[in-house]
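A structural walkthrough
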Amino acid sequence: MLVSEELAEGRTISNSVNKAIIKTIKAENEEIIDCYDIYKQPSLNHPLLRNHTIQMKPSLYPEGMESGNLGTLQLTQTWHHYGSCPKRTVPLRRKGKNYNPTPSRKHHRIKQSHYNKTPNTSQQSNFQNIHEYATIEARGNFLGAQAKINLWKPVIETQAELSLSQIWVVAGDGKETIETGWIVDRLVYSDYETRFFVFWTVDGYKKLFCYNDECDAFVHTSSSIALGCSFTELSTFNGDQKDATFSIHKDRSNGNWWVQLQGEPIGYYPNSLFTELSRKATAVQWGGEIVNTKSKGRHTTTQMGSGHFPSEGGLKTSSYFNWVQVVDETYMTMDPKDFSIQTTNSDCYDLKIDDDHHDTNGFGFYYGGPGYNEKCQ
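Residues numbered from 1 in each chain as written. Predicted model: local features only at pLDDT ≥ 70, side-chain atom pairs only at ≥ 80, totals over all residues. Heavy atoms only, no water.

With that out of the way, let us pick up the environment of Gln146. Among the secondary structure elements, Gln146 is positioned in strand E7 (residues 144-150). Given the relative accessible area of 8%, Gln146 is considered buried. Each C-alpha atom of the pair Gln146 and Gln166 lies 9.8 Å from the other, and the pair is 20 residues apart in sequence. A distance of 2.7 Å separates the side chain of Gln146 from the side chain of Gln325, its partner in a polar contact. (Helix = DSSP H or I, 4+ residues; strand = E, 2+ residues; numbered from the N terminus. Buried < 20%, exposed > 50% of the residue type's maximum accessible area, 1.4 Å probe, protein only. Polar contact = N/O pair within 3.5 Å; in protein donor to acceptor, adjacent residues only side chain to side chain.)

In structure tokens form, the structure reads like this:
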């Protein structure tokens, strides 16, 4: 194969790829955004997508999803300060010279224990001790979910740990998921910035799974929002709160699963990638997750959300989800009727339903915590 002379962050770019890249934007900290011709984006190399016709926007929205009830976040990413991608192109964050997908595989394979509540192997039991959660779960038959999540920059104790807040849309008891939210993960992104992400698996986090555009799966349609890139605004303790509406919904006309951020369609996972999710989701989860490596022989101090418990106070103190909704089989958005609260260890990270602000904030909850403390060892 012919290879061009261009070398960026230690990675050569093939001539065929160069033809697909219409523009390149160099941002801060050596981050590079390539503006790909939307019809030549790498995800279309997936064997199941060779003859795929790109859907430019959802054909129909669930009733109530386009209500205009968006978060306070100004939807900008750091790379926007350095340029913009032309229409009919999509921004893809280039993998750097230190990029190694192996750590993210190790991280996310173990998330299977979040769905399997009765591990039957010592390996699964060990996995369950590493990943910790403060979430709510609704079970039933769903065609999507959404929530307004406020954004923070939690402290991460070691580079092998992560903290995220997200929505999970699940089928097959965790075998197939689509996930979106914000994350701080140095192993994947080489820094501690708060970034927008999507994630998927179709085999329970064993082999077929990845973040963003690490593999050929997610069909990107937005020319302004890049996966894996950092937000320019975050919440501050006892200060301004920045939140954003994240949503996932199944397009009724073709079954594609769309991801939206602040009402903007970012792209979708084609229906052909799935078996269980090709029909419907059977569970939805919302909340926070951290990885605890116990590197110092005790529980990690990695924070979830704001790093403060719901019991310390609500708005401006604890992190929150509000306007938490599911999309039912009639394509209506509504509050989850039946749900369960799931906390791995409430002394480390807790969750509390917000019963006081339903009229203004919809169904919601506060969650998170500091990790290691007198009760969390």
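From this point, the narrative continues.
As a further point, take the pairing of strand E17 (residues 319-327). Within E17, 8 of the 9 residues are buried, which leaves the element mostly enclosed by the surrounding structure. Across 5 bridges, E7 lies against E17 in antiparallel orientation. Each bridged residue has a counterpart across the sheet, and for Lys148 the counterpart in E17 is Asn322. In this sheet, strand E21 (residues 365-368) lies alongside E17 in antiparallel orientation, the contact comprising 3 bridges. Bridging from a neighbouring strand, Ser319 pairs with Tyr367 of E21. Sheet topology places E17 next to strand E18 (residues 333-334); 2 bridges connect them, and they run antiparallel. Among the inter-strand pairings, Val326 is bridged to a residue of E18, identified as Met334. Hairpin connection between E17 and E18: a loop of 5 residues separates the two successive antiparallel strands, and Tyr331 in this loop has a positive phi of roughly 70°. (Pairing = 2+ DSSP bridges.)

Turning next to the environment of Arg88. Position of Arg88 among the secondary structure elements: in the loop between strand E4 (32-37) and strand E5 (89-93). When the C-alpha positions of Arg88 and Cys35 are compared, they lie 9.3 Å apart, and in sequence the two are 53 residues distant. With near-sequence residues (within four places) excluded, Arg88 lies in contact with Tyr36, Asp37, Ile38, Tyr39 and Met56. (Contact = heavy atoms within 4.5 Å.)

Our focus in this paragraph is the packing of aromatic side chains. As enumerated under the stated definition, the model contains 16 aromatic pairs in all. The interplanar angle of 90° and the centroid separation of 5.8 Å between the aromatic rings of Phe197 and Tyr211 together place this pair among those described as edge-to-face. One end of the pair, Phe197, is in strand E10 (residues 195-201); the other, Tyr211, is in strand E11 (residues 209-211), with 14 residues separating them in the sequence. Residues Phe321 and Tyr367 carry aromatic rings whose centres are separated by 5.3 Å and whose planes lie at 75° to one another, so their mutual orientation is edge-to-face. Taken as a pair, Phe321 in strand E17 and Tyr367 in strand E21 lie far apart in primary sequence, 46 residues in all. Residue classification places Phe321 among the buried positions, given a relative accessible area of 1%. (Phe/Tyr/Trp six-rings, centres within 6.5 Å; stacked < 30°, edge-to-face > 60°.)

Take it as geometry only, folks, not as evidence of what the structure does.
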